[in-house]
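Residue-level structural notes
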Amino acid sequence: AKKLGLVIDLDTCVGCHACVTACKGWNDQGYGVPLSDQNAYGSEPSGTFLNRVHSYEVQPDQGTAQVINFPRSCLHCENAPCVTVCPTGASYKRAEDGIVLVNEDACIGCGLCAWACPYGARELDQAAGVMKKCTLCVDRIYNENLPEEDRQPACVRTCPAGARHFGDLGDPDSDVSKLVADRGGYELMPEMDTKPVNRYLPPRPKGPEQEVDILAP
Ligand code: SF4
Ligand code: SF4
Ligand code: SF4
């Protein structure tokens, strides 16, 4: 079966937050707003986020400390606890492509799904009283009014580092599946048995010699 999702490269993500801004822009303003017009005033987006990026400094056993930038959004789990707990059926997983969505007309904003998600991937839109989460930009990826190259999630289209990849992880021959196989892509918190579709590619260790190179005249 089709399993659409993201592969996020923790080695190349530079923590620029362009994906956060693009996500916000597309999903708040709806269809038809060009990415170039989003966040036109240079202001920080606020309110509900479907995608966030956290930066941590880590000290490996060997080598120098490095900053890991960690983008976080819904992983479109196969065993999605957010779907199981939803009392109204508003949260659901699509059979045709595995995308987990919220039917906003049926959502009562009770917040149970956000409690159930072990990844903190859902946020309540206080003003609208409905739950929000990453939709994989379902209104872009199948949108025939958009040019072919824009038929991918806004975050993927925007990332200047090429750190975000979109595709079918249910197809072992897809580019994303090959990337996962080549780079040792991993599942987040497999012990939860949520079976997330999204994968992360691990950062490569940075040796002290690289730092010397940078500092050399
Ligand atoms: Fe649900 Fe969270 Fe899994 Fe997304 S990441 S499908 S919100 S449990
Ligand atoms: Fe379902 Fe909405 Fe409650 Fe989440 S907030 S469990 S989607 S009714
Ligand atoms: Fe990382 Fe790309 Fe997002 Fe920038 S746009 S924070 S490089 S994933």
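Model, not experiment: these values are computed from the prediction. Along every chain, residues carry numbers that run from 1 in the direction the sequence is written. Labels are handed out in written order, letters beginning with A for the chains and numbers beginning with 1 for the ligands. Residue-level local features of this predicted model are given only where pLDDT is at least 70; pairs of side-chain atoms are given and counted only at 80 or more, and the full residue set underlies all totals for whole chains, interfaces and linings.

Should the C-beta atom of a residue, placed from the backbone, lie within 6 Å of a molecule or strand, that residue is near it. Lining the immediate surroundings of ligand 2 are 14 residues, of which Cys-86, Ala-90, Cys-107, Cys-110 and Cys-113 lie closest. Three residue categories are used. Nonpolar comprises Ala, Val, Leu, Ile, Met, Phe, Trp, Tyr, Cys and Pro, charged comprises Asp, Glu, Lys and Arg, and polar comprises the others, including Gly. In terms of residue class, the shell around ligand 2 is built from ten nonpolar, four polar and no charged.

A few words on the nonpolar core. A general trend in soluble globular proteins is that nonpolar side chains are found buried together. Any set of buried Ala, Val, Leu, Ile, Met, Phe, Trp, Tyr and Cys residues joined through C-beta atoms within 7 Å is what this text calls a nonpolar core. Three classes are used. A residue is buried when 20 or more other C-beta atoms lie within 10 Å of its own, exposed when 12 or fewer do, and partly exposed in between, with C-beta atoms placed from the backbone. Grouped together as the largest cluster of nonpolar side chains are 42 residues, with contacts concentrated most on Ile-8, Cys-19, Cys-23 and Cys-155. Secondary-structure elements contributing two or more residues to this core are strand E1 (4-9), helix H1 (18-29), strand E5 (100-102), helix H5 (154-158), helix H6 (175-183) and strand E9 (199-201). A pair of residues counts as a contact when their C-beta atoms, built from backbone coordinates, are within 7 Å of each other. Excluding anything up to four places from it in sequence, Cys-155 contacts Cys-19, Ala-22, Cys-23, Asn-51 and Arg-164. Each helix is a run of H or I in the DSSP string that is no shorter than four residues. Each strand is a run of E no shorter than two, and both are numbered from the N terminus.

A few words now on the site of ligand 1. Taken together, the neighbourhood of ligand 1 is formed by 14 residues, with Cys-74, Cys-77, Ala-80, Cys-82 and Cys-117 sitting nearest. Its residues assigned to classes, the shell around ligand 1 shows ten nonpolar, two polar and two charged.

By the convention used here, strands pair only if DSSP detects at least 2 bridges between them. Strand order in the open sheet formed by three strands is E8-E1-E9, with mixed pairing between adjacent strands. Strands with a single pairing partner mark the edges of an open sheet, and in this sheet they are strand E8 (164-168) and E9. Direction aside, the axes of adjacent strands within the sheet are offset by 25° on average. As paired elements, E1 and E9 share three bridges and run parallel to each other. What sits directly across from Asp-9, in E9, is Leu-201. To obtain an axis, a line is fitted to C-alpha atoms, over the contacting stretch when the element is a helix, and the angle between two such axes runs from 0 to 180 degrees between their N-to-C directions. On the sheet, H6 packs against E1, E8 and E9 and is oriented at approximately 120° with respect to E8.

Without other data, these values stay purely geometric and don't point to any function.
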